[in-house]
Amino acid sequence: MTLYLDMNATTPVLPEVADLVLKMFTEQYGNAGSRTHEFGLNAKRAVEKARKQVADVAGADKSEVIFTSGATESNNIAILGLKEYGNEVSKRHIITTRIEHKAVLEPIEQLVKQGFEVSYIEVDESGLVDPASLKSLLREDTLLVSIMHVNNETGCIQPLVELCEILAEHEAYFHVDAAQSFGKFSTDLDNSRIDMISASGHKVYAPNGIGALIIRKRGFMRPPLKPILFGGGQEKSLRPGTLAAPLIAGFGLACEIALKNSDIWQAHATKLKNALIEDLDKIGAQYNGANTSPYVLNFSIPGVNSEAAMVMLKGLVAVSNGSACTSSSYTPSHVLTAMKLDSKRIEGALRASWSHQTDFIPSKQIVEKLSQLL
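## A few points about the pattern of salt bridges
Using the criterion set out here, one finds 17 salt bridges in the structure. Between Arg139 and Glu117 there is a salt bridge; the shortest N-O distance is 3.0 Å. Of this pair, Arg139 sits in the loop between helix 6 (131–137) and strand 5 (142–146) while Glu117 is found in strand 4 (residues 117–121), placing the two residues 22 residues apart along the sequence. For Arg139, a relative accessible area of 30% gives the class partly exposed. Take Glu117: its relative accessible area is 40%, and that puts it in the partly exposed class. Across the pair Glu122 and Lys340 runs a salt bridge, and its minimum N-O distance is 3.9 Å. Of this pair, Glu122 sits in the loop between strand 4 and helix 6 while Lys340 sits in the loop between helix 10 (334–338) and helix 11 (343–347), placing them 218 residues apart in sequence. Its relative accessible area of 40% is what places Glu122 among the partly exposed residues.

Structure below.
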């Protein structure tokens, strides 16, 4: 049986989460917006419980949680939702990086087409943002800074604490795409200088199709976001539509479980990663990115093409050669390209990612298979 090592793309739903979601779908299926009967009230209670469970991951208040369909929608609301305010106050400058997920880069590109200006923080082979670079790019008209927490391709953990310190005296709104870190590395996300946090349920052992945007208040004021969808007035009129109560309840429970077990899970993931590296070292593996998450390893084997490697590994492990969102396009990874790696190293890059549920990685067999391509 093939071992799934593509957890950065999506994760299996925890059994207790699946049980809760099924119960909500089949027994407690009320609309959380229906206040006239117990079915609706029970759904509303489940949503509000989940709102607190999600908020607790980032040390936020439950009133600051807006439920969405996932981090892509959350990113779009956080970025495009500031357009009207930016135009009103003549602040149209945005700072981001070239290693962001396309769900951040593409909405920003839409704003550029409408007269906004973007500055990119460059990264080197480490894949890490230098806080000094952020400081040098800040301007009086900077409206938004959007920097991810953990990169989805390399697992590089960005220095959020230092970035928050740089922004301490600046009014720019700080948005963090935390799809790969939410529930796994929560300590950095509780920084009150982070104004907006995007999260996805399917990256933290909850179902697909549910996520959240945490919108922190500064004093008593939340970021001046405007909706990008209209109709219904749900979620403070910022994200309309009937709330998916079963998915929300499952997301909330998954967040509670992840927060409670994050240290144990990290320790297990680290052991798996160290064992994999020890065997890959024997065939001269190059590791792409520094200060990386214990849940992922992006590596290249000199002389081995990633497509050939994935064919060779078929039936043993399921790995990827980039983001699931761009894997259908055979273009080089924009993340590894931004890190200025050479073309052969990029063409050979493989991403293996696992979870606390991964008991063992057959690293010796992986090395044996890849050795046949050398």
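## Notes on the packing of aromatic side chains
Evaluated as defined, the whole model comprises 4 aromatic pairs. Centroid distance Tyr29 to Phe39: 5.6 Å. Interplanar angle 25 degrees. Geometry classified as stacked. Of this pair, Tyr29 sits in the loop between helix 1 (15–26) and helix 2 (38–57) while Phe39 sits in helix 2, and the two are 10 residues apart along the sequence. With a relative accessible area of 52%, Tyr29 lands in the exposed category. Using a relative accessible area of 42% as the deciding quantity, one classes Phe39 as partly exposed. For the ring pair Tyr85 and Tyr173, a centre distance of 6.3 Å and an interplane angle of 75 degrees mean the geometry is edge-to-face. Of the two residues, Tyr85 is situated in helix 4 (residues 83–88) and Tyr173 in strand 6 (residues 173–177); the sequence distance between them amounts to 88 residues. Of the residues examined, Tyr85 reaches a relative accessible area of 23% and is grouped as partly exposed.

## What to know about the state of the cysteines
Summed over the entire model, instances satisfying the criterion amount to 0 disulfides. Not part of a disulfide, Cys164 finds its nearest cysteine sulfur in Cys156, a span of 18 Å.

Analysis parameters
Once a new chain begins, its residue numbering starts again from 1 and follows that chain's sequence as written. Only residues with pLDDT of at least 70 get local features here, since the model is predicted, and only at 80 or more are side-chain atom pairs given and counted; chain-wide, interface and lining totals rely on the full set of residues. With hydrogens and water set aside, each side-chain value is computed from the structure's full complement of heavy atoms. Note on definitions: salt bridges are taken to be side-chain nitrogens of Lys or Arg within 4 Å of carboxyl oxygens of Asp or Glu. The helix count covers DSSP runs of H or I at least four residues long, the strand count covers runs of E at least two residues long, and both are numbered beginning at the N terminus. Residue exposure (1.4 Å probe, protein chains only): buried if accessible area is under 20% of the type maximum, exposed if over 50%, otherwise partly exposed. The rule is short: rings of Phe, Tyr and Trp, with Trp giving its six-membered ring, pair when the centres are within 6.5 Å, and they are stacked under 30 degrees, edge-to-face over 60, tilted in between. Pairs of cysteine sulfur atoms within 2.5 Å are identified as disulfides in what follows.

Note that every value here comes from positions in space, so none of it alone points to a role or purpose.
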